[in-house]
Structures are given as C-alpha cells and as structure tokens.
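Structural features, examined
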Amino acid sequence: VQLQASGGGLVQAGGSLRLSCAASGRTFSNYAMGWFRQAPGKEREFVAAISRSGGSTNYANSVKGRFTISRDNAQNTVYLQMNSLKPEDTAVYYCAASGLGYATSKGYDYWGQGTQVTVSS
C-alpha cells in the first residue's frame, strides 16, 4: 500500500485542520488505518485508528473529543479532522495501514510520508 498524506499547515491555537491520506496499490478496505505523530525530540505516538469497515475507532486520550478519524473506502482515503488545536499538537503527522483490520494502535505495516502541523499560541 502506498500512502500519501496531505493537509498539514500552520494554524492558531483553537483552530482546525483536516488531514487526508490517499491510498493506492492494494485493496484499501482490507486495512485498518491509523494516524500517528512525532514532535521534535520525541518518539512517534499513536493518535487515532479506524477499522477497515469504518465501524470502530480508537483515539489517544490526548486527542479524544477534539480529533475525529473517518474513511471513505470508495475514495481510498482516510481523514483526520482536528479541532480545538493546541500548541502541543504540533508535530509531523503520519498515516499508516494495518493488515490486522481493527482499530489498533500497533501493528502497522505501511507508512506514508509525514505532513507538518504547526499550532501557534
């Protein structure tokens, strides 16, 4: 699976952004999809995941209630709607695909390039 993330940018605290990740190469609906992020000097961390059908989601506690993951299997795309952004959300965001199929925080096989999200205070 090839993954292409987009939608990052610079936003003020309290603002919103929507990230997109377009997939190609294999049957998109066979894979659970996830978003991860990595801030400078920190390890990569799990943000959100969605099952292959879209019926189940999973979020890191730090983003619950602010971020929403969704997918469109007809368009081979997964989204991350980010609201009420905080400076601590600043990071490079990566999308990933897991053959496990469920909304997992681990076990990802394919990774896209990152997209930078910067939240100013």
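Going by the structure above, here's the rest.
All of the points below concern the structure found in this document. (Residues numbered from 1 in each chain as written. Predicted model: local features only at pLDDT ≥ 70, side-chain atom pairs only at ≥ 80, totals over all residues. Heavy atoms only, no water.)

**Concerning the pattern of salt bridges**
Counted according to the given criterion, the structure contains three salt bridges. A salt bridge links Glu45 to Arg37, with the nearest nitrogen and oxygen atoms 2.6 Å apart. Put simply, Asp89 and Arg37 hold a salt bridge, and the shortest N to O gap is 2.9 Å. Linking Asp89 in the loop between strand S8 (77-82) and strand S9 (91-98) with Arg37 in strand S4 (residues 32-38), this pair joins segments that are 52 residues apart in sequence. Arg37 shares its class with Asp89; the two are buried. Here the salt bridges share partners, and the residues they tie into one network are Arg37, Glu45, Arg66 and Asp89. (Salt bridge = Lys/Arg side-chain N within 4 Å of Asp/Glu carboxyl O. Helix = DSSP H or I, 4+ residues; strand = E, 2+ residues; numbered from the N terminus. Buried < 20%, exposed > 50% of the residue type's maximum accessible area, 1.4 Å probe, protein only.)

**What about the packing of aromatic side chains?**
Per the stated rule, a full pass over the model turns up five aromatic pairs. With centroids separated by 5.1 Å and ring planes inclined at 80°, the aromatic side chains of Phe36 and Tyr108 adopt a geometry described as edge-to-face. Of this pair, Phe36 sits in strand S4 while Tyr108 sits in the loop between S9 and strand S10 (110-111), and the two are 72 residues apart along the sequence. Like Tyr108, Phe36 is buried. An aromatic cluster of three or more residues is present, and its members are Phe36, Phe46, Tyr108 and Trp111. Directly above the ring of Trp111 sits Arg44, whose terminal nitrogen or CZ lies 3.8 Å from the centroid. Across the ring face of Phe28, the terminal group of Arg71 is positioned such that the distance to the ring centre comes to 4.3 Å. (Phe/Tyr/Trp six-rings, centres within 6.5 Å; stacked < 30°, edge-to-face > 60°. Lys NZ or Arg CZ within 6 Å of the ring centre and 35° of its normal.)

Honestly, that's just the spatial picture; any functional story needs more than this.
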